[in-house]
Amino acid sequence: MKPFAFPITSNPLHTKNDLRQNLIELLQPVESRYTENGNGYWIGNASAHYPPRVTLMEGYSRTLWGIAPFLAGGGDYPGYELVLRILRHGIDPKLPEYWGAVSDLDQRLVEMAAIAFSLMIAPEKFWDPLSPAEKEKLSRWLSFIETRNLPANNWHFFRILVQSAFRRFGLLVNEKAEETSFDLIDSFYKADGWYEDGRNGNFDFYTPFAFHFYGLIYAALMKDHDPKRAALFRERAKKFAPQYVGWFREDGSVVPYGRSLTYRFAAVSYFSACAFAGVEVLPWGVLKGIVLRNLRWWYSKPILDAAGLLSVGYTYPNVILAEQYNAPGSPYWALKAYLVLALPDHHPFWTA
């Protein structure tokens with residue numbers, strides 16, 4: 001298979017501006033799929049084990065993993081007004097675009113993490129523009145995660161991120177629910193930087209792109225409130241790096257292993273999170289090289305369909321690869337790799 005000749009595939013991906021342009025071009029086809037009725041992005045007809053309306057919301061929320069760092073790092077994102085509009089409408093129970101009440105084990109509990117993260121990393125773009133009434137609606141919608149049942153796995157970091165956002169904005173924090181989630185996360189940690197995704201669970205990419213990724217975000221954003229736990233997450237990440245770096249080859253490719261391979265370059269987001277948290281697990285130039293080479297390798301493959309949308313698959317479209325929780329918008333969790341866009345231009349990651 002040959003990749004479609006989109007401009008994005010010829011981007012050299014050497015500088016911060018290159019990566020910004022790459023993200024804009026990647027998300028333009030997505031934003032053209034906005035559907036007001038579902039208040040999200042319709043990316044395709046395939047579905048998952050959750051309702052089609054929720055897949056639309058997922059398509060929106062996953063773009064935030066790239067857009068929020070873009071904005072936090074000083075970028076002028078051209079689709080920002082639509083991004084904010086979707087958020088405003090999604091939290092309003094009086095509008096038909098409302099994302100709805102959230103039940104136990106609900107996919108929307110997962111997607112809350114991207115919103116909480118965006119609020120914390122770019123408050124002037126996601127929190128400050130909201131009216132007092134909208135802030136109340138948003139906090140009320142996010143608070144569903146405090147009382148809903150979560151599977152005993154990495155999902156508990158989503159509750160932690162929501163509570164962290166509440167704490168940063170002076171909102172009421174459910175400390176009991178938060179501590180329950182922290183205790184579960186700690187119970188999944190085994191040794192040498194490795195987490196098991198749930199008791200008797202898996203050891204795979206969820207250690208780098210879930211447990212360490214969220215833990216390092218917490219370490220960076222909540223270090224003043226919780227220095228002991230922030231230091232713990234940083235130390236665990238340091239132990240993981242020497243083992244994980246061997247999964248990446250000089251051409252930028254990575255060992256395909258375990259679940260959720262359709263998240264593609266999310267695999268390198270661990271190193272992006274290390275840079276974001278200031279954890280120099282490798283020399284800055286090496287860290288930068290791993291992240292950008294991996295992205296270049298992916299964009300040399302036919303991972304985009306004829307419309308420029310990320311497909312479900314690995315190095316080419318392949319729905320057989322999908323798990324039951326992979327909807328058409330799911331692959332955009334790969335945007336976790338773009339966390340480095342939040343770093344200032346003079347950061348050693350970019351100047352190395």
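For the structure itself, look to the data block above.
What counts as what
Residues numbered from 1 in each chain as written. Predicted model: local features only at pLDDT ≥ 70, side-chain atom pairs only at ≥ 80, totals over all residues. Heavy atoms only, no water. 1 Å grid on protein atoms, 1.4 Å probe; cavity = no way out; pocket = protein on both sides within 12 Å on 5 of 7 lines; lining within 4 Å. Points joined across faces, edges and corners; volume = space filled by probe spheres on them. Nonpolar A, V, L, I, M, F, W, Y, C, P; charged D, E, K, R; others polar. Salt bridge = Lys/Arg side-chain N within 4 Å of Asp/Glu carboxyl O. Helix = DSSP H or I, 4+ residues; strand = E, 2+ residues; numbered from the N terminus. Buried < 20%, exposed > 50% of the residue type's maximum accessible area, 1.4 Å probe, protein only. Contact = heavy atoms within 4.5 Å. Phe/Tyr/Trp six-rings, centres within 6.5 Å; stacked < 30°, edge-to-face > 60°. Lys NZ or Arg CZ within 6 Å of the ring centre and 35° of its normal. Core = buried A, V, L, I, M, F, W, Y, C linked by side-chain atoms within 4.5 Å. Axes fitted to C-alpha atoms, helices over the stretch in contact; angles between N-to-C directions. Parallel < 35°, antiparallel > 145°, perpendicular 65-115°, else oblique. Left-handed = near helix turned anticlockwise from the far one by under 90°.

## Looking at the layout of surface pockets
Now for step 1: Of the volumes computed, that of the largest pocket is approximately 290 Å³.
Now for step 2: The wall of the largest pocket is formed by 16 residues, among which Gln107, Asn153, Trp155, Tyr206 and Tyr325 lie closest to the centre.
Now for step 3: Looking at the lining of the largest pocket residue by residue, the classes come out as 8 nonpolar, 5 polar and 3 charged.
Now for step 4: Volume-wise, the second largest pocket comes out at about 150 Å³.
Now for step 5: In terms of lining, the second largest pocket is formed by Ile43, Gly44, Ala46, Asp305, Leu309, Leu310, Ser311, Val312, Pro317, Asn318, Val319 and Pro328.
Now for step 6: When the residues that make up the lining of the second largest pocket are grouped by side-chain class, the tally is 8 nonpolar, 3 polar and 1 charged.

## Things to note about the pattern of salt bridges
Now for step 1: In total, this model carries 15 salt bridges according to the counting rule given.
Now for step 2: Asp204 is the salt-bridge partner of Arg259, the closest N and O atoms lying 2.7 Å from each other. Of the two residues, Arg259 is situated in the loop between α12 (227–244) and α13 (269–276) and Asp204 in the loop between β4 (194–195) and α11 (206–221); the sequence distance between them amounts to 55 residues.
Now for step 3: Using a relative accessible area of 2% as the deciding quantity, one classes Asp204 as buried.
Now for step 4: With its nearest N and O atoms 2.9 Å apart, the salt bridge here joins Asp226 to Arg229. Each member of the pair, Asp226 as well as Arg229, carries the same accessibility label: buried.
Now for step 5: Taken together, the salt bridges that share partners define one network made up of Glu58, Arg62 and Glu111.

## So, helix α2 (residues 52–61)
Now for step 1: Within α2, 8 of the 10 residues are buried, leaving the element largely enclosed by the surrounding structure.
Now for step 2: Burial in α2 covers these residues: Val54, Thr55, Leu56, Met57, Glu58, Gly59, Tyr60 and Ser61.
Now for step 3: On its buried face, α2 is in contact with β1 (34–35), β2 (40–41), α3 (64–72), α4 (80–90), α5 (107–121) and α7 (132–142).

## Details of the packing of aromatic side chains
Now for step 1: Following the criterion strictly, the structure yields 43 aromatic pairs and no others.
Now for step 2: Looking at Arg229, its charged tip hangs above the ring of Phe182, at a distance of 3.7 Å from the centre.
Now for step 3: A cation sits over an aromatic face here: Lys336 above Trp65, 5.8 Å from the ring centre.

## Some details on the nonpolar core
Now for step 1: In this structure, Trp65, Ile115, Trp141, Phe265, Phe271, Leu295 and Tyr338 are the most contacted members of the largest nonpolar core, which totals 137 residues.
Now for step 2: Per-element tally for this core: the top contributor is α11, with 12 residues.
Now for step 3: Discounting chain neighbours no more than four positions away, the residues touching Trp141 are Met57, Tyr98, Trp99, Gly100, Val102, Arg108, Met112 and Ile115.

## So, the packing of helix α9 (residues 156–168) against helix α10 (residues 175–188)
Geometrically, a packed helix pair is captured by the angle between its two axes and the distance between the axes.
Now for step 1: Relative orientation of the contacting elements α9 and α10 amounts to 140°, with a least axis distance of 9 Å. On the basis of their axis angle, the class for α9 and α10 is oblique. Helix-helix and strand crossings are classified by hand; for α9 and α10 the assignment is left-handed. In this structure, α9 uses His156, Phe157, Arg159, Ile160, Gln163 and Arg167 to contact α10, whose residues at the interface are Glu175, Ala177, Glu178, Ser181, Phe182, Leu184 and Ile185.
Now for step 2: Of the residues assigned to the contact of α9 with α10, the class counts are 6 nonpolar, 3 polar and 4 charged.

## Describing unusual backbone geometry
Now for step 1: Look at Asn39: it is not a glycine, yet its phi comes out positive at around 50°.
Now for step 2: Locating Asn39 in the fold gives a position in the loop between β1 and β2.
Now for step 3: In this structure, Asp192 takes a positive phi of about 55° despite not being glycine.
Now for step 4: Counting through the fold element by element, Asp192 comes out in the loop between β3 (189–191) and β4.

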